[in-house]
Every structure is written in C-alpha cells, then in structure tokens.
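# Chain and residue survey
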Amino acid sequence: MAKSILITGASSGIGKALAFELAGKGYSLALASREIDLLSQIRDDILEESGPPAVAIRQLDVTDYEDVYKAVNELADEVDGLDIVFANAGVGLGERVGRGDFEKARRTIEVNLLGAIATVDAAAAYFLKKGKGHIVGTSSVAAFRGMPKSSAYSASKAGFAIYLESVRAELYKKNIDVTVLYPGYIDTPLNEMLKSRPFLISVEKGAEIIARLIEKRVKSSTVPVYPWNIVGRLMKILPTGVIAKM
Ligand SMILES: NC(=O)c1ccc[n+]([C@@H]2O[C@H](COP(=O)([O-])OP(=O)(O)OC[C@H]3O[C@@H](n4cnc5c(N)ncnc54)[C@H](OP(=O)(O)O)[C@@H]3O)[C@@H](O)[C@H]2O)c1
C-alpha cells in the first residue's frame, strides 16, 4: 500500500532528492522547510514528473519549536495521515572553537539538535495517537568522532543519534520504529565548500540508498553502508593527530 512521509529540510539536498525518489514510488509527500518558494517549485516538478497521490508543502522553521507540532498535525491532515516522519533539516556552518564562532555553534545546536528533537517529539505524539508509525532521523558520520572545525556539528549529530536511540527504547512495543541514518559525504550545498569529501556520492544515489533503508525499517545505518560502516569504526580509534589533519 502507498505510504506517506513528512520530510523536513525538503527544499534542498538530501530531503529534496528523497522527495523525488519516493514520489516515483507512489508515496504521498508532506514537504517542509523555510523556503516556501523552493518547496512550491519542487511540488510542481514532482507533480509533473510522477504524479504521486498528494504533495503538501508548508513553511517551517524547526527552531520555531511550537510551530513544529502544528506543522506535523496540519500536514498529516493534508495528506490524509502520515506513516513516516523524517527529521532531516540541518545546517553545517563550519564553526571553529575560540574564534568568536559561538553564534554559529548555538545555531547548529538549535537547528540540528533542538529542532530535530522537536520534530521527533511531535512525530511521536502523532504516532502514539495513531497506534503506529516510523520515525527517521539524519545524524552523520561526524557523530562517530568529534571532528575539527565542526565541533558543535559533531555534538549535534551525536546528541541526536543518542536521543533517537532513547526514543526507540522508550517506544519499544508501541509499534513505532526508529531509524538513525549516518550519512558520509553526499554531494549537497551543505558540504560543497569543503576541500576534501572522501567517498563522495551523488545526492540521487544517497536518496536511493536512504529510501531503501527506510523501506527496510533498519534501526541504523551509514549512508552509503559501505565503506562508512568500516571507516566509521576506524574513526573511533584513530589517534587525535590524524583526526586533527582532517
Ligand atoms: N550532505 C551530506 O554529506 C550530509 C552528511 C551527513 C549528514 N547530513 C545531514 O543531512 C541533512 C540534510 O542536509 P543536506 O546535505 O541535504 O543539506 P542542504 O542541501 O543544505 O539542505 C538542508 C535543508 O535543511 C533545511 N533547513 C535548514 N535550516 C532549517 C530550519 N531552521 N528549519 C527548517 N529547515 C531548515 C533547508 O531548508 P530551508 O533553507 O528552506 O529552510 C534545507 O532544505 C542535514 O541534517 C545534514 O546535517 C548531510
């Protein structure tokens, strides 16, 4: 049976590509981000390309925490119920420590951690009422090891991954699955300024892999699975001197 998914951060990168990927599989889509004009264009393009059952769009800043709860319920009504909520919105600001970048660090935590937690909390409230559901969240391989020049980013992604693990345990036997994704480098505006992007994959490939992992309802996975499942383990034990050069 065709499913429905709410994707935050659907105006660009992974969220946008996943919207196209799942539209092609017949999913109803609820797309949210701050840039409503971009979402409107994406909706038009999707409807022209594959005509899924429904595409709803809504302006949402995930740091407007109260509005996150309203958005989940409004979008659920618009697409006749949600099966999956994907907390994907995020920023990568390249903050440095001790260089006057505290505002970047704060913004990173507000969007990537608090905004994502609000999204998951709103989704859990909705799914608990419904009696079933699937929550998916985007962490990062940067959660495996604190990376230089993105300390708050690493912290936000590690924090969100652990939060999702707690949610999975708390919702055990409530018929609500929780999937944590740990992408490596996927070619999007978030990281295009970086000098080095090891094992880079296209955003279309990333979306295809993510769609497959969501449909399998995996508990957690790197994206792509290989080589990051192995590199991720290595990252945890590399000496600080090696990490410092990254
Ligand atoms: N690309 C990678 O290699 C990679 C690796 C690991 C993890 N990730 C994670 O994957 C997620 C998607 O990133 P991406 O690579 O697709 O980056 P992207 O192309 O920059 O997209 C980020 C999305 O997040 C939205 N967003 C940012 N701030 C928001 C806010 N306050 N409220 C609502 N939406 C907001 C943006 O939409 P608006 O500007 O319209 O609001 C945009 O749609 C992020 O959580 C990122 O940390 C990416």
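These numbers come from a predicted model, not from an experiment. (Residues numbered from 1 in each chain as written. Predicted model: local features only at pLDDT ≥ 70, side-chain atom pairs only at ≥ 80, totals over all residues.)

## Details of the sheet that holds strand β3 (residues 55–59)
For clarity, the cut-off: Criterion used throughout: strands pair if DSSP finds at least two bridges between them. Only DSSP runs of H or I with at least four residues qualify as helices, and only runs of E with at least two residues qualify as strands; both kinds are numbered from the N terminus onward. Axis definition: a line fitted to C-alpha atoms, over the contacting stretch in the case of helices. Angles run 0 to 180 degrees between N-to-C directions. The contact criterion used here is simple: two residues whose C-beta atoms, placed from the backbone, lie within 7 Å are in contact.
Judged by pairing direction, the sheet is parallel, and its seven strands sit side by side in the order β3-β2-β1-β4-β5-β6-β7 without closing on themselves. Single-partner strands in this sheet number two, and they are β3 and β7 (220–223). If you compare each strand with its neighbour and ignore which way they point, the axes differ by 15° on average. One ladder, built from three bridges, connects strand β1 (residues 4–8) with strand β4 (residues 84–87); its direction is parallel. Opposite Leu6, over in β4, you have Val85 as the bridge partner. Packing against the sheet, helix α5 (residues 151–170) makes contact with β5 (133–138) and β6 (176–183), and its axis sits at approximately 160° to β6. This element, helix α6 (residues 203–215), spans β4, β5, β6 and β7 of the sheet and lies at about 155° to β6.

## Focus on the site of the ligand
This is how it is decided: Each residue gets a C-beta atom placed from its backbone. Should that atom fall within 6 Å of a molecule or strand, the residue is termed near it. Side-chain classes are defined by residue name, with Ala, Val, Leu, Ile, Met, Phe, Trp, Tyr, Cys and Pro counting as nonpolar, Asp, Glu, Lys and Arg as charged, and the others, Gly among them, as polar.
Surrounding the ligand, one finds 33 residues, the nearest of these being Gly9, Gly13, Arg34, Glu35 and Gly90. The class makeup of the residues in the shell around the ligand is 13 nonpolar, 17 polar and three charged.

## Some points on the pairing of β3
Filter applied, for reference: Here the C-beta atoms are placed from the backbone, and a residue counts as buried if at least 20 other C-beta atoms lie within 10 Å of its own, exposed if 12 or fewer do, and partly exposed otherwise. Here the term right-handed applies to a crossover when the path leading from its first strand over the helix to its second strand runs clockwise, the strands being oriented away from the viewer.
The buried count for β3 comes to four of five residues, which makes it a mostly enclosed element. Bridging between strand β2 (residues 28–33) and β3 involves five bridges; their strand directions are parallel. Paired with Leu29 across the strands is Val55, a residue of β3. In the classification by handedness, the crossover that spans β2, the intervening helix α2 (residues 36–49) and the parallel β3 is right-handed.

## Regarding the nonpolar core
Stated precisely, the cut-off is as follows: We define the nonpolar core as any set of buried residues of the types Ala, Val, Leu, Ile, Met, Phe, Trp, Tyr and Cys, connected via C-beta atoms lying within 7 Å of each other.
Of all hydrophobic cores here, the largest spans 70 residues; its most connected members are Leu6, Ala19, Leu31 and Val72. The dominant element in this core, judged by the number of residues it contributes, is helix α4 (residues 102–130), at nine residues. Once you skip the residues sitting within four places of it in the chain, Ala19 turns out to touch Ile7, Ala10, Leu29, Leu31, Ile42 and Ile46.

## Re the pairing of β1
Among the five residues of β1, five are classified as buried, and the element is accordingly described as predominantly covered. Side chains Ser4, Leu6 and Thr8 of β1 all project onto a buried face; the interleaved residues Ile5 and Ile7 project onto the opposite face, where all are buried too. Sheet topology note: the β1/β2 ladder contains five bridges and is parallel. Bridge pairing links Thr8 to Ala32 in β2. Read as a crossover between parallel neighbours, the route from β1 over helix α1 (residues 13–24) to β2 is right-handed.

By themselves, these observations are geometric and do not establish any function.
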